[in-house]
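Each chain, letter by letter, is given below.
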Amino acid sequence: MTGSLPPEIGKLANLFHLDLRGTSVTGTIPPGIGSLSLYYLDLHETRITGSLPPELGSLGDLWYVDLKSTSITGTLPLPWCERPM
């Protein structure tokens, strides 16, 4: 897969698992990602850049995130990082 994540990704309300590991996806994480039902997000070894959108904090069911080997900056927004594992 190549290209960037479109802003319309937020319209995929029933998307639970997004695994783009090792792809050539570029660009930034669109704010619309906060509208998804994600519980699994793997962007390891992608070409995604920019900062983490605060909308990630609204993903109440998110339990797995892998951002290793990317140029993504920032910290996971609260309250996600305060949840007990």
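Here goes a summary of the coordinates provided. (Residues numbered from 1 in each chain as written. Predicted model: local features only at pLDDT ≥ 70, side-chain atom pairs only at ≥ 80, totals over all residues. Heavy atoms only, no water.)

Let's shift gears to unusual backbone geometry. Positive phi is not limited to glycine here, since Glu45 has a value of about 55 degrees. Take Glu45: it is sitting in the loop between strand S4 (40–42) and strand S5 (47–51). Here Ser69, not a glycine, exhibits a phi torsion of approximately 60 degrees, which is positive. Looking at the element boundaries, Ser69 is found in the loop between strand S6 (64–66) and strand S7 (71–73). Taking the relative accessible area as the measure of exposure, Ser69 reaches 53% and is therefore exposed. (Helix = DSSP H or I, 4+ residues; strand = E, 2+ residues; numbered from the N terminus. Buried < 20%, exposed > 50% of the residue type's maximum accessible area, 1.4 Å probe, protein only.)

Bridge count between strand S1 (residues 2–4) and strand S3 (residues 24–27): 3 bridges; the pairing is parallel. The residue bridging Thr2 from the neighbouring strand is Ser24, located in S3. Where S3 lies against S5, 2 bridges are found, and the strand directions are parallel. Bridge pairing links Thr26 to Arg47 in S5. (Pairing = 2+ DSSP bridges.)

On to the nonpolar core, then. For soluble globular proteins, the rule of thumb is that nonpolar side chains tend to be buried together. Ranked by size, the top nonpolar core spans 17 residues in total, and within it Leu18, Ile29, Ile33, Leu38, Leu41, Leu43 and Ile48 carry the most contacts. Beyond its immediate stretch of four places on either side in the chain, Leu41 contacts Leu18, Ile33, Leu56, Leu62, Tyr64, Val65 and Asp66. (Core = buried A, V, L, I, M, F, W, Y, C linked by side-chain atoms within 4.5 Å. Contact = heavy atoms within 4.5 Å.)

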